[in-house]
Structures are given as C-alpha cells and as structure tokens.
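Architecture at a glance
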Amino acid sequence: MKRIVILTGAGVSAESGLGTFRDKDGLWTRYDLSQVATPDGFARNPALVHDFYNARRANAMDAMPNAAHAALARLQAARPGSVTLVTQNVDDLHERAGAQDVIHMHGQLMRALCAACGHRWDAPRVMAVDAACPGCGKPRTRPDIVWFGEIPYHMDRILAAIAACDLFVAIGTSGEVYPAAGFVEEAAMIGAETLEINLEPTPVPGRFDRVIEGPASETVPAWVDEVLGGAAPVA
Ligand code: BV8
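Next up on the list: the site of the ligand. Around the ligand lies a shell of 35 residues, among which Phe21, Arg22, Arg56, Gly149 and Ser174 are the nearest. Between the ligand and the protein, one listed contact pairs an oxygen atom with a backbone N or O atom of Ala10 at 2.8 Å. For the ligand, an oxygen atom lies 3.2 Å from a polar atom in the backbone of Gly172. Considering the ligand on its own, with 1500 Å² of exposed area, one finds that the protein chains cover 78% of that surface.

Across the five residues that make up strand β6 (residues 141-145), a large majority, five, are buried. Taken together, the five bridges between strand β4 (residues 107-114) and β6 define a ladder with antiparallel strand orientation. Looking at the pairing, Gly107 lines up with Ile145 of β6.

Between its first and last C-alpha, helix α9 (residues 216-229) extends 19 Å over 14 residues, near the 20 Å set by a 1.5 Å rise per residue. All of the buried residues along α9 are Ala216, Thr219, Val220, Pro221, Trp223, Val224 and Glu226. Where α9 is buried, its residues touch β1 (4-8), α5 (67-78), β7 (167-171), β8 (193-198) and β9 (210-213).

All right, on to the pattern of salt bridges then. Should their charged atoms come close, side chains of opposite charge can pair. In total, this model carries 12 salt bridges according to the counting rule given. Close ionic contact of Asp62 with Arg125 constitutes a salt bridge, the shortest N to O distance being 3.0 Å. You can see Asp62 sitting in helix α4 (residues 46-62) and its partner Arg125 sitting in the loop between β5 (120-122) and β6, a full 63 residues away along the chain. Owing to a relative accessible area of 39%, Arg125 belongs among the partly exposed residues under this scheme. One salt bridge connects Arg111 with Asp122, and the closest N-O pair in it is separated by 2.7 Å. Taken together, the residues span a long stretch of sequence, with Arg111 in strand β4 and Asp122 in strand β5 at a distance of 11 residues. Given the relative accessible area of 56%, Asp122 is considered exposed.

What counts, and where the lines are drawn
Numbering of residues starts from 1 in every chain and runs along the sequence as written. Note on the predicted model: pLDDT of at least 70 is required for a residue's local features to be given, and 80 or more for side-chain atom pairs to be given and counted; whole-chain, interface and lining totals, by contrast, use all residues. With hydrogens and water stripped out, all remaining heavy atoms of the structure feed into the side-chain values. Proximity is defined per residue: any heavy atom of the residue falling within 4 Å of a molecule or strand makes that residue near it. Under the rule applied, a polar contact is a pair of N or O atoms within 3.5 Å (in protein, one hydrogen donor and one hydrogen acceptor; residues adjacent in sequence only if both atoms are side-chain atoms). Only the protein chains shown count as cover for residues, and the accessible areas themselves come from Shrake-Rupley with a 1.4 Å probe. For the exposure calls, accessible area comes from a 1.4 Å probe over protein chains only, and a residue counts as buried if that area is under 20% of its type's maximum, exposed if over 50%, partly exposed in between. Under the DSSP-based scheme used, a helix requires at least four consecutive residues in state H or I and a strand at least two consecutive residues in state E, with every element numbered from the N terminus. Whether two strands pair depends on DSSP finding at least two bridges between them. A helix's residues, less one, multiplied by 1.5 Å, set its expected span. Pairs of residues are marked as contacts when any of their non-hydrogen atoms sit within 4.5 Å. The term salt bridge refers to a pairing of a side-chain nitrogen on Lys or Arg with a carboxyl oxygen on Asp or Glu at a separation within 4 Å.

Read these as geometric descriptors, not functional statements.
Quick look at the structure:
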C-alpha cells in the first residue's frame, strides 16, 4: 500500500469561493501581509488583524467544500492509515468534506489562542480585541493562525510522514511559502514520487516528477479515481 503525503494550499478552496493569496485578485493584493499576517502587525493594530480574520472566518463558515475536498476525504477513507493530509489552509473545508486528522500547519480560522497564556478554544464567528481569554481572563486573544516569522505547527509529524512516504502530492499551492514549499525536495531526497496538481504549473520546472493541470474540482477527483480504481493515468 503506497504511503501518500498530500499538501494542499489555497487553490483547493478557490472553487469554494475562498480567495487565494497570490492569484491576480488574491488576498495579498488587497491587504498588506505585514499588517495582517505578522506578530508585529498584530501588536501594532490588533483590531485590523481581527477584522481581516473575522471576514475570512465568515467567508469560510458560509462556504461549502468542493469536489476536490470530497475526493481527498474519499481517498483517505479508502486507504486508512496510508494518507497523511497536510494543509496550509486555515479553513475547515477538508473536515467538512469528511477528511480525518487534517494537519493544519498554519493554524485554523475556527480556533482562538490566548497570546498571554497559550490557552486555545473554538473561535466565535466574530473575535474582538478586548475579548477575555476563557483561561486566564486577559484581553489578549488572537486567531490561532501561524503568521509569517512564526513556527508552523506539527513540523516533526509532517517531516516524519514525508520521510516515510512513497508519493508526495502538492495540490493548489504556489510553492512560495517555506517551510511548506521545501517539502517536495524533502520527498524527492528520500526517493518518493512527486506530483503537482495545480491550475497551472508552478514556475519551477522539473520540481515535480509529474504535473496534472486544471481546476482542482476536476483534476483531484480524476486523480483519486486513478489511484483507487487503477483507471488510466489522468495526464
Ligand atoms: C517560518 C497563515 C521558521 C496566514 C500563512 C526559508 C526557510 C524558512 C522560512 C523562510 C524561508 N524564506 C522565507 C521564509 C519566511 C516565510 C516565507 O516563506 N516567506 C515567503 C513569503 C518567502 N516563512 C515563514 O515565516 C514561516 N515560518 O519559516 O518559521 C521555520 C523555518 C523552518 C522550519 C520551521 C520554522 C511561516 C509561514 C506561514 C505564514 N502563514 N498563512 C493566513 O492564512 O492568513 S502563509 C499563507 O501562504 C497561507 O497559509 C497560504 O496557504 C500559504 C501558501 O499560499 P498558497 O496556499 O500556496 O496560496 P497562493 O495564493 O500562494 O497560491 C494558490 C495556488 O493555487 C496557485 O498556485 C494557483 O495556481 C493555484 N490555484 C488557484 N485556483 C486553483 C488552483 N489550483 C487548482 N485549482 C484551482 N481552482
């Protein structure tokens, strides 16, 4: 049984209506990343950061998983214990499509974190700057999101899964943010096959053994059918 590690990015949620970051009208073209996705930005203007994440949380809550999310959940269910699903996304669409044990390396919109005591809890739909932490009572709440300059979550677990995998698949990610962008090299180094599924190939030619181009809601279900059904290769 092939051990598969899958890394998803914003492209897998694009067809659910959630914006990507670096596409033409992406989030980073409308917001200054340093103001809303860094610890300094939060220290300088926590209200702006909460507004940014409150808007994205509402979008995510109102969005529906798409066929790509459903196909990945189907693959996991068909291959229990053989599929590790890592996501850079902070939405919960993988879970709402039925995926289990999703590894959110950049945190989750639906979780809150206390900057004073480290307590975590389910985030309300709208978070406020002066909301008290349910743990310590201090008004230091923040979204449980990994910002630029912060250490991504679950790195040991992710690197261990990559070190033991037969196939690494990157779906809907521009491969510009590290350390996630370096996972494909880690996989290639231990001799795993590498596959990219993206609307258009990322700019580094030859970074992946194989590339399947097209919208995730079409290419991911077709790829999962190929893996499960032994259907003819998609591309
Ligand atoms: C860290 C939360 C130390 C916020 C995010 C070298 C080594 C280590 C670090 C660095 C390094 N060089 C630079 C750094 C620092 C920095 C970094 O990488 N900067 C970049 C900008 C150069 N990294 C960090 O600060 C990280 N921390 O390094 O700590 C360390 C070092 C080593 C080991 C451990 C610790 C922390 C990074 C996390 C930042 N937080 N998110 C939030 O979400 O609000 S990152 C942010 O970018 C999102 O999480 C997002 O998921 C992520 C990646 O973006 P993508 O998901 O790829 O989205 P993007 O828009 O870029 O691309 C969309 C893709 O989808 C495109 O390819 C498009 O073609 C495709 N697509 C579109 N539509 C579809 C589609 N595909 C299929 N179907 C479609 N329909």
